Amino acid sequence: MSFIRKPVPLAVSLALSTLCAHAVAQGTASSATSETQLMTVVVVGSQPMDADLNSVTLDAETLQAMRAATSDTATLLRDVPGLSFYGAGGVSSLPSIRGLADDRLRIKVDGMDLIAACPNHMNSPLSYIDPTAVATATVYAGISPVSAGGDSIGGSILVESAAPEFALQGQGSLLKGEAGAFYRSNGNAMGGNLAATVASEQASLSYTASYAQADNYKAGDDFKDYAFTGRLGHTLPLDEVGSTAYEAINQALKFAWKNDGDLFEFKYGRQHIPYEAYPNQRMDMTDNVSDQFNLAYTSQQAWGTLKARAYYEHTQHEMDFGDDKRYWYGGASGGSAATDGVPCSPISGGMAGCAAGMPMYTDGKNTGLNLHAEIPLAGRDVLRVGGEVQAYRLDDWWTPSGAGMWPYTFLNINDGQRDRYAVFGEWEGRINRQWTGLVGVRHETVKSDAGQVHGYNLDTFPTSGAGGPGNQTTDAVAFNTADRSRTDHNWDLSALARYVPEATQTYEIGVAQKTRSPNLYERYTWSTWQMAALMNNFVGDGNGYVGNLNLEPEVAHTLSLAADWHDAGNETWSVKLAPYYTHVKDYIDAVRLPGQTGTTNFVLLQYANQSARLYGVDLSVHALVARGTDYGDFTARGVVSYTRGENRDTGDNLYNIMPLNARLALTQKIGAWRNTVEGELVARKSDVSGVRNEMETPGYGLVHLRGRYEQKRYSIDFGIENLFDRFYALPLGGAYVGQGTTMANPALPNYPQWGTPVPGPGRSVYAGLNVQF
């Protein structure tokens, strides 16, 4: 494997950025010194870990610099070693830690275990909080303490909004706020945020709001030879990535009250996404409304700390074909060979009729209750115990729209239920001056079930019979007559140890068994009909998926090591090397349905348990290159990650494994200025999943420029991403199905053709302003 490098332009870019900052700083240095609050940089790979082993924590100041560059909260974590992202919508990337993604991770937002309520996982957990609202983010890579969550095998991500603020004693009242706005040139993205707090010494009331909107973005070059979208009179330029537009609105109201050692918090959050298009899915989000109620109590007792939380989330989700995808189907619309669907009156008549889109609806209700206690023991030892309950309900139905989708409603998942009951205990403490350890055990009972189903062709639940269009009756009968209730008893074990022989060395070792039960879509989607299967896909590979009632929970055994060498103060330099190995029993991969034999086309698959292993290494470095020069301080940092994933039963590669990649940066600090030149290097992805016909992607190198000017009451962020407008394919972006006739899968010119990965964005200039008052 080889990287693509451009050292001369990188040096020129750094010189220009440095000279500009130096020229301005010379005239403002004296005034800026007293007013500037310099950013606290948390450099990955050199984190102080006084409380949490095997974790990386990013605080608000560290996250601020990236907020103007993205509306996708997951990508704020891009510099964490071992972390990458499955491509999705503009605000909904799916994080992957060391090759394990989506539901294989435990992701909590303000203490809530959020769940994607969508057959394409469009409303991913981190999409429910705007980047401007994130105050801290903690990532446990590979091995996480049992207290950080269960029902996962790939680590944990804990994201928190700002803690409530109160007036100081004797201050009487507190009134503060902030407002911000941003603009990004590629896709004409724009938005803003607002926050306000009014508080007394005991009560606090805060409101936050954000808005983000973007059109389709453009790649660095033409990547297709067709312009049609399936809509009469609507075409796309050859370099425009169809179905990448979005609009998102987030609001939250938080009330807090404290008295002595007690703190009560209540937060109501509402998200509305009027639309979010997806270039790697055959459908688009046409509406998403989520209401979240989050009640928390923290009490400081003589024996320790008690934390309780109750939450409820209700998500109402809608999908259909967006503006860049064909809407009218059936013979009356021109038939399958037509480049554009002709508007017609929705009628049945099978494929000779007319269908007005394909409306799909999902209703998810997520209720949780957590009770945790932290008890200090002798010395610096801590005992953590707790219990958690989560009840999840899901309905997924597709209303009739005509042609073959007629005359009744298709029940994709009917009365889906998934309940978790968990208890855990964990000890963390100092064994001696050099050794620190953490040991925990967790047990979860996971119960799942689903009701009977039927296809478009019936309005009753069949328990006998066969046939139906696309075998809808045959498949429904098999599902309805099967035992659908499942109960899993899952054990998690974690043990971590840190050894510090001297002030310049730290070593860590961790072993764990982590367990995850299948989600509702993996177990309970039932139709082998091509059109229905294509709609059930949350990995963006263009293929169709069918559930499997016989799936067993995934059980992962992980060994994780880390060696961290640094200066005595852990300030001027560090090098951290972290190899790992994971073996997964009953890994949920996929097998092809009968007759699916092609190698250069999209296929139909069914989820299946198999054996897998993942291994790799993360390297992170940082160094203070120069301090106190006429041009300020210079810090270099870098993160290099390599992951390999293999199916041990078939010898195939696991899907969507990020190839060897690196992020290198040189940052200048001078007065109120912070300027960064960043290189992003990715090797060719050639280890691809054969069963899914996953596409290879070429290697590439990108250069980004970032700047920040910060004063006490305001800050300005600006930059250029993909400075040289390079064309590249996203290694984890999936298959491009962002325009045209996306409902079905024949080899016709007007249908999405296998072989085009989703391209990354071309050059984009961005700027953001934040004002505090």
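As the structure is a prediction and not an experimental result, all values here were calculated from the model.

K.L.:
I'd like to hear about the environment of Gln 668, residue by residue, with values.
P.N.:
Residue placement: Gln 668 occurs in strand β29 (residues 661–670). With 33 residues separating them in the primary sequence, Gln 668 and Thr 635 have C-alpha atoms 6.6 Å apart. One polar contact links the side chain of Gln 668 to the main-chain carbonyl oxygen of Tyr 631, over a distance of 2.9 Å.

K.L.:
Describe the environment of Ala 636, with residues and values.
P.N.:
Examined against the element boundaries, Ala 636 turns out to sit in strand β28 (residues 632–647). Separated by 395 residues in sequence, Ala 636 and Val 241 place their C-alpha atoms 34 Å apart.

K.L.:
Talk me through the confidence of the model for the protein chain; I want residue IDs and the actual numbers.
P.N.:
Across the protein chain, the average pLDDT comes to 92, with 92% of residues at 70 or higher. In the model, residues 1–51 has pLDDT below 50 throughout and makes 102 contacts with residues more than four positions away in sequence or in other chains.

K.L.:
So what about the sheet that holds strand β4 (residues 100–101)? Which residues, and what values?
P.N.:
Within the open sheet, the three strands sit side by side as β2-β3-β4. Their pairing is antiparallel. Sheet topology places β2 (83–86) and β4 at the edges, where each strand pairs with a single neighbour. Pairing of strand β3 (residues 94–97) with β4, which is carried by two bridges, proceeds in the antiparallel orientation. From the neighbouring strand, Ser 96 faces β4, where its bridge partner is Ala 101.

K.L.:
Which residues make up the nonpolar core, and what are the values?
P.N.:
Core analysis: the biggest nonpolar cluster contains 94 residues, and Ile 157 and Met 358 have the highest contact counts within it. No other element matches the four residues that strand β7 (residues 134–141) contributes to this core. In this structure, Met 358 is in contact with Met 283, Met 319, Asp 320, Phe 321, Trp 398, Ser 401, Met 405, Tyr 456, Met 531, Met 535 and Met 743, ignoring residues within four places of it in sequence. Core analysis: the second largest hydrophobic core is formed by nine residues, Leu 100, Val 584, Leu 614 and Leu 654 among them.

K.L.:
Run through the sheet that holds strand β5 (residues 106–109), naming residues and quoting values.
P.N.:
Hydrogen bonds between backbone atoms are what pair the strands of a sheet, whose relative direction is either parallel or antiparallel. What the five strands build is an open sheet, ordered β1-β7-β8-β5-β6; its pairing is mixed. The strands lining the two open edges of the sheet, one partner per strand, are β1 (55–58) and β6 (112–113). Of the pairings in the sheet, the one linking β1 to β7 comprises four bridges and is antiparallel in character. Its bridge partner lying in β7, Ser 55 is registered against Tyr 140.

Conventions adopted
Residues numbered from 1 in each chain as written. Predicted model: local features only at pLDDT ≥ 70, side-chain atom pairs only at ≥ 80, totals over all residues. Heavy atoms only, no water. Helix = DSSP H or I, 4+ residues; strand = E, 2+ residues; numbered from the N terminus. Polar contact = N/O pair within 3.5 Å; in protein donor to acceptor, adjacent residues only side chain to side chain. pLDDT = per-residue confidence, 0-100. Contact = heavy atoms within 4.5 Å. Pairing = 2+ DSSP bridges. Core = buried A, V, L, I, M, F, W, Y, C linked by side-chain atoms within 4.5 Å. Buried < 20%, exposed > 50% of the residue type's maximum accessible area, 1.4 Å probe, protein only.

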